[in-house]
Structure formats: C-alpha cells, structure tokens
Amino acid sequence: MATCKKCGKHIEKNERAVYKRMVNRAAAEEELLCKNCLAEHFGVEVSVIDKKIEHFKSIGCTLFN
C-alpha cells in the first residue's frame, strides 16, 4: 500500500495514476504524492487535479484502468 511521501496519506488508485501521468510515469511507490500534495506541488487547487483525472480517464489513458 503506497502512502504520500509528503503527508503520509494512503494513495488511491487514481492518485497514483495522475502522479505518474503528470510527473513521472516510472515513479516508485515511495515517490508518490496524494492529490492534495500534488496540487500544492503544482500551485493549483485540488479541483484542477480532479479535472485532470477525469480528462485522462475520458481519453482512455491506460494508467487509470
């Protein structure tokens, strides 16, 4: 079970996928950020990350299967 490297929160499936899609496709489990910390990393609202997740799913990105 992966946890966020910054806050220690459990990483959900879509959080893992969006991190890999936006930051590093080959990221190891210990490198992952939850969507809250990922939003902070990029300086955006969490809703932007949620929209990205929905966008990537809608275009059929295989990381979200």
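Every chain's residues receive numbers from 1 upward, in the order its sequence appears when written. It should be noted that, the model being predicted, local features are given only for residues of pLDDT at least 70 and side-chain atom pairs only at 80 or more, the latter also being counted only at that level, while totals for whole chains, interfaces and linings use all residues. Side-chain metrics rest on all non-hydrogen atoms present in the structure, leaving aside hydrogens and water.

Participant: Got a sec to walk through the overall build of the chain? Specific residues and values, please.
Facilitator: Scanning the chain for helices and strands turns up three helices and zero strands. The helix count covers DSSP runs of H or I at least four residues long, the strand count covers runs of E at least two residues long, and both are numbered beginning at the N terminus. Secondary structure elements of the chain, listed N to C terminal, follow the sequence α-α-α. As a reference, a globule follows 2.2 Å times the number of residues to the power 0.38, and the radius of gyration itself is taken over C-alpha atoms. Relative to the compact-globule value of 11 Å for 65 residues, the chain shows a C-alpha radius of gyration of 11 Å, a close match. Seen through its principal axes, the chain has C-alpha atoms that stretch 30 × 25 × 15 Å. In the chain, which comprises 65 residues, the proportion classed as buried is 31%. A fraction of 48% describes how many contacts in the chain between residues 6 or more apart in sequence connect residues 24 or more apart. Accessibility throughout is a Shrake-Rupley quantity obtained with a 1.4 Å probe, and a residue counts as covered only by protein chains that appear here. Here the chain displays about 4000 Å² of accessible surface, and carbon together with sulfur accounts for 49% of that area. By the counting rule applied here, Lys and Arg register as positive and Asp and Glu as negative, while His and the ends of each chain are not counted. For this purpose, a charge sits on NZ of Lys, CZ of Arg, CG of Asp or CD of Glu. A gap of 5 Å separates the mean positions of the 12 positive and 9 negative side-chain charges of the chain. Partly exposed residues are those whose accessible area sits between 20% and 50% of the maximum for their type, while under 20% is buried and over 50% is exposed, using a 1.4 Å probe and protein chains only. We call two residues in contact when some of their heavy atoms are within 4.5 Å.

Participant: Describe the nonpolar core, listing the residues and the values that go with them.
Facilitator: Here, nonpolar core refers to any group of buried Ala, Val, Leu, Ile, Met, Phe, Trp, Tyr and Cys residues whose side-chain atoms link them within 4.5 Å. Val18 and Phe64 are the most contacted members of the largest nonpolar core, which has 18 residues in total. Every element with two or more residues in this core is listed here: helix H1 (13-22), helix H2 (35-42) and helix H3 (46-58). Non-local contacts of Phe64, meaning those with residues more than four positions away in its chain, are made with Lys13, Asn14, Ala17, Val18, Ile53, Phe56 and Lys57.

Participant: Lay out the packing of H1 against H3 in plain terms, naming residues and giving numbers.
Facilitator: The description of two helices packed together rests on the angle between their axes and the distance between the axes. Axis lines are fitted through C-alpha atoms, for helices just across the contact stretch, and the angle between N-to-C directions can take any value from 0 to 180 degrees. Relative to each other, H1 and H3 sit at 85°, their axes nearing to 10 Å. The angle between H1 and H3 places the two elements in the roughly perpendicular class. The residues of H3 that touch H1, namely those facing Asn14, Val18, Arg21 and Met22, are Ile49, Lys52, Ile53, Phe56 and Lys57. Each residue is assigned to one class: nonpolar for Ala, Val, Leu, Ile, Met, Phe, Trp, Tyr, Cys and Pro, charged for Asp, Glu, Lys and Arg, and polar for all the others, Gly among them. Considering only residue class, the contact of H1 with H3 consists of five nonpolar, one polar and three charged. Angular relationships are summarised with four words: roughly parallel below 35 degrees, roughly antiparallel beyond 145, roughly perpendicular across 65 to 115, and oblique for the angles in between.

Participant: Tell me about H1, and please be specific about residues and values.
Facilitator: Those residues of H1 lying buried are Glu15, Ala17, Val18, Tyr19 and Lys20. Buried residues belonging to H1 abut H2 and H3.

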